[in-house]
Amino acid sequence: MNARPDVPAPDEPAGVTTTGPLLEMSGLTVRFSSPAGEVHAVEDVSISIARNEAVGIVGESGSGKTVTCMSMMWLLPSPPARYVSGRINFDGEALPRTDERRIRRVRGAGIGMVFQNARLSFDPAYRLGSQIAEALRVHGAGRWGDVEGRVLETLRYCNIADPESVLRQFPHEVSGGVAQRVSIALALLIRPKLLIADEPTTALDLLSQLEVLSLLERVRREMSSSLVLVSHDLNVVRRIADRVIIMYAGRVVEEGPVEDIFAHPQHPYTQGLLASAAQRTERGRLYELPGQPPDLAALPPGCSFRPRCARAFARCNHMPPLYATAPGRHCRCFLLDPRGADD
Amino acid sequence: MTDEPFVSFDAVSVIYKRRRPRVDLVALDNLTFDVVRGRSVGIIGDSGSGKSTICRVAEGLVRPSSGRVLHDGTDMSRASARMWREARRHVALVFQDTLGSFNPMRPVLDSVGMPLLGYGDPTTAELRDAVGAVMEQVGLSPSQMTRYPHEFSGGQIQRLAIARALVTGPRLVLLDEPVSALDVSIRAQVLNLLSDLAASLDLTYLVISSDPGVPRHLTSEMLVLYDGRIVERAPTEVLFTRPLHPYTVSLLALHDAALGERIGHLADLRERDGITAQTGLVSVAPGHLVDMRPFPIPAGWSGGRAHAGLSPAGAGTQEYQRIENTTGTET
């Protein structure tokens, strides 16, 4: 193996380490129009991600978790998405939605993304190697001859046994697990400060899930980048994240350190979700969360979880704010009102 | 009816011939098991382990390359299409992609009632009665039968699929990933429904899933499938409390982080006399069989580690081989 060519990573203007959060999203509201009415996909979501932190975003389908993380680098085309409000600060600088040039620079170099179906995120008509080369060229990493060694090394790092032959293959010729690992490798080659992984294990069989999870964990440990992991699977999030954000019907309903949330969930939805996921039984029957997931085009007034909540009371006809309930913990429920629930 | 098993697999292998590469694909490798009345069976394994092929073979959609499939004790190897049709009346199937199995252009009445058209010539009124009855059984209002598939939520579509399976009055229902397409908060609703139906309609299930939690509350026995063969088989609660095969342990650990380091349980085998690295399944306890062949564990596999962090690659392999050596020297 030839020595690793010393290619400077594109985004290491040495010495410029800012303190404060790496990414700060405030007041994001995203809507879509549909024949059934306006879909309130994300309502007033504020998320802050610290340097070196792994944050899990948990929610069921329609909770707004994917729209939220796609918006972290303004990835949703508008229209159809309608950004009603929302500001993003990345790495200490404002990232306005209209600043195309800066957004392009941040995508990939600053924020990398791994999608649920990795195979679909590659162009089926080109070999994997040429797609990696193109991405590296766009981000100014240099010509293929200069970076080839680093590419092979990174692929091996991602548990790809025979990277030379994978580079010659087309996306349809590799398994889903390999495609996912190639896309993680690609994200790593550009060395983003923040890696967003949207349901990275959902489309995979269990063996590949384990491989991808252990790889993500290793990436975070060794590359000291921040990680946002979006998943509906609480076990996956628990395994990797430091902090977890629970979303329901487009809003953050609870957030806090991962072990705190799992040990003492505060929001009735989180409690129900954990009980369902853990398959808790009562007299031989599984605990079940009643009702249906909400229709985002016709949300009930007040708390969106109210129709499914066993503990709802009169006050829940209004939308509760996100109360700070303990250090680092927030919960959107009147039961957690520090001034008393029956106000 | 007789006491014969509803469905028996007797040394069933399914081999698909492939042109490129010119290596035959062994989908099922010498599989033997019975499903008897009232004792539902769960089969867990990864994609590609042959789970769905089992369904197809049981329904006669795929013929075994060798071995026999028996329905009620009758060898179906040379069964006619008519015999299969009669057998399918008692063995219904709930598919994985449920929305895709409903005709989007027709009201759900047509799709749910469709299986009845294979048996006799029901009138429209008879169809509506039968469909209304099964819709009630699965917790839907019969008045919804004239609606179209897109008007139902994911959980309701799954209920409709179950209703369609029940419409011919089966005794055995094959459930292929019955809840994997559903949200976490909806899964328990459907699993409880299935468990209620098993009791009220005297149904037996063959539950196939890549998520071990799905068959857990529906079955009395579990088979773990890897690469077309059974690597472990045990009563359901035994499998969850005392899994032995490294593959089973890893499947369960991913499903339930709290399971901890169960891989050590294989060490228990050392205490048993006479176990060497034999080929095939070895009985370790009543009804509990484990495949003792060396098992290749892919790199990056965590073994039974909980969420606190993943163990280095290959830890499980070492444990398994160490046990093999010790059992070898002890005997």
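What you see is a predicted model; the values in this text were computed from it and never measured.

Q: It is not clear to me how the overall build of chain B should be interpreted in this structure. Could you clarify?
A: Helix and strand counts for chain B stand at 10 helices and 12 strands. Sorting the 331 residues of chain B into buried and exposed places 44% on the buried side.

Q: Just to check I follow, could you spell out the overall build of chain A for this structure?
A: Within chain A, the regular secondary structure consists of 10 helices and 14 strands. A globule of 343 residues ought to have a C-alpha radius of gyration of about 20 Å, and chain A, at 21 Å, matches this closely. Taken over 343 residues, chain A has a buried fraction of 48%.

Q: Help me understand the interface of chain B and chain A in this model?
A: A common way to express how large an interface is: the accessible area buried when the components associate. Residue-level contacts link 28 residues of chain B with 28 residues of chain A. Every element with two or more residues in the side of chain B that touches chain A is listed here: helix H6 (184-201), helix H7 (213-216) and helix H9 (246-255) of chain B. Residues of the side of chain B that touches chain A, tallied by class, amount to 10 nonpolar, 14 polar and four charged.

Q: I would appreciate a short explanation of unusual backbone geometry in the present structure.
A: As a rule of thumb, non-glycine residues mostly have phi less than zero, and peptide bonds are mostly trans rather than cis. Here the phi dihedral of Asp44(A) falls at roughly 50 degrees; this positive angle occurs in a residue that is not glycine. Position of Asp44(A) among the secondary structure elements: in strand E2 (residues 37-49). Even without glycine at this site, Glu177(B) takes up a positive phi of about 50 degrees. Structurally, Glu177(B) is set in the loop between strand E7 (172-176) and H6.

Q: Would you mind showing me how to read the domain arrangement of chain A here?
A: All names here are of chain A. The assigned domain composition of chain A is domain 1 (23-241) and domain 2 (247-336). For domain 1 versus domain 2, the separation of C-alpha centres amounts to 28 Å. Each partner contributes residues to the interface: domain 1 has 23 residues there, and domain 2 has 16 residues. Elements represented by at least two residues in the side of domain 1 that touches domain 2 include exactly E2, strand E3 (54-58) and helix H8 (234-240). In terms of residue count, E2 provides more of the side of domain 1 that touches domain 2 than any other element does, nine residues in total. Residue composition of the side of domain 1 that touches domain 2, grouped by class: eight nonpolar, nine polar and six charged.

Q: Looking at this structure, how should I read the domain arrangement of chain B?
A: All names here are of chain B. Its domain assignment divides chain B into domain 1 (7-225) and domain 2 (243-330). Contacts between domain 1 and domain 2 engage five residues on the former and six residues on the latter. Within the side of domain 1 that touches domain 2, the residues separate by chemical class into three nonpolar, one polar and one charged.

Q: Mind showing me how you'd approach the packing of helix H4 (residues 144-157) of chain A against helix H6 (residues 176-189) of chain A here?
A: All names here are of chain A. One way to put it is that H4 packs onto H6 with a least axis distance of 9 Å and a crossing angle of 130 degrees. When the axis of H4 is compared with that of H6, the two are oblique. H4 and H6 meet at a crossing whose hand is right-handed. Here Arg 150, Val 151, Thr 154 and Leu 155 of H4 lie close against H6, whose contacting residues are Val 182, Ala 185, Leu 188 and Leu 189.

Q: Honestly, the sheet that holds strand E3 (residues 41-44) of chain B in this entry has me stumped. Any pointers?
A: As a general point, the strands of a sheet are linked pairwise by backbone hydrogen bonds and lie either parallel or antiparallel. All names here are of chain B. One open sheet holds the eight strands; their spatial order is E6-E7-E8-E3-E9-E10-E12-E11, and the pairing between them is mixed. Either end of the sheet is taken by a strand with one partner, and the two such strands are strand E6 (91-94) and strand E11 (281-285). Strand after strand, the sheet turns through a mean of 20 degrees between neighbouring axes, direction not considered. Two strands pair when backbone bridges link them, and E3 and strand E8 (residues 204-209) are joined in this way by four bridges, in the parallel orientation. Paired with Ile 44 across the strands is Ser 209, a residue of E8. Here helix H5 (residues 154-166) sits on the sheet in contact with E6 and E7, set at roughly 165 degrees to E6.

Q: I tried to follow H6(A) on my own but got confused; where do I start?
A: Count 3.6 residues to each turn of an α-helix, and residues three or four apart come out pointing the same way. All names here are of chain A. Look at H6: 20 Å from first C-alpha to last across 14 residues, which is about the 20 Å you get at 1.5 Å a residue. Judged by how many residues are buried, H6 sits mostly within the fold: 13 of 14 residues are covered. Positive phi appears at Arg 191, one or two residues downstream of H6, with a value of about 50 degrees.

Q: How do you make sense of the sheet that holds strand E4 (residues 66-71) of chain B when you look at a structure like this?
A: Residues and elements named next belong to chain B. Across the sheet, which stays open at both edges, the four strands sit in the order E2-E1-E4-E5 with antiparallel pairing between neighbours. The sheet is open, and its two borders are formed by strand E2 (25-35) and strand E5 (74-75), each paired with just one other strand. One ladder, built from five bridges, connects strand E1 (residues 7-16) with E4; its direction is antiparallel. Residue pairing across strands places Asp 10 opposite Arg 68, the latter belonging to E4. On top of the sheet, helix H1 (residues 51-58) reaches E1, E2 and E4; it is set at about 115 degrees to E1, its chief contact.

Q: Hey, could you run me through the confidence of the model for chain B in this one?
A: It should be kept in mind that the predicted coordinates are not to be read in detail where pLDDT is low. Residue and element names in this part refer to chain B. Chain-level statistics for chain B give a pLDDT mean of 79 and a share of 79% at 70 or above. Here residues 258-276 scores under 50 on pLDDT; set against residues more than four positions off or in separate chains, the count is 45 contacts. Interface scoring of the predicted complex returns ipTM 0.72; its pTM is 0.78.

Q: Is there a simple way to think about the environment of Asp99(A) in this case?
A: Residues and elements named next belong to chain A. Inspection of the secondary structure puts Asp 99 in the loop between strand E5 (93-94) and helix H2 (100-109). Take Asp 99: there are 14 C-beta atoms within 10 Å of it, and that puts it in the partly exposed class. Measuring from C-alpha to C-alpha, the distance between Asp 99 and Val 147 comes to 30 Å, with 48 residues separating the pair along the chain.

Q: What is the right way to look at the confidence of the model for chain A in this model?
A: Averaged over chain A, the pLDDT score is 83; the fraction of residues at 70 or greater is 93%. Taken together, the stretch residues 1-16 of chain A has pLDDT below 50 and engages in 22 contacts with residues farther than four places along the chain or on a different chain.

The rules behind the values
- Residues numbered from 1 in each chain as written.
- Chains lettered and ligands numbered in written order.
- Predicted model: local features only at pLDDT ≥ 70, side-chain atom pairs only at ≥ 80, totals over all residues.
- Helix = DSSP H or I, 4+ residues; strand = E, 2+ residues; numbered from the N terminus.
- Buried ≥ 20, exposed ≤ 12 C-beta atoms within 10 Å, placed from the backbone.
- Rg over C-alpha atoms; globule rule 2.2 N^0.38 Å.
- Contact = placed C-beta atoms within 7 Å.
- Nonpolar A, V, L, I, M, F, W, Y, C, P; charged D, E, K, R; others polar.
- Domains from an automatic or database assignment.
- Axes fitted to C-alpha atoms, helices over the stretch in contact; angles between N-to-C directions.
- Parallel < 35°, antiparallel > 145°, perpendicular 65-115°, else oblique.
- Left-handed = near helix turned anticlockwise from the far one by under 90°.
- Pairing = 2+ DSSP bridges.
- Expected span 1.5 Å × (residues − 1).
- pLDDT = per-residue confidence, 0-100.

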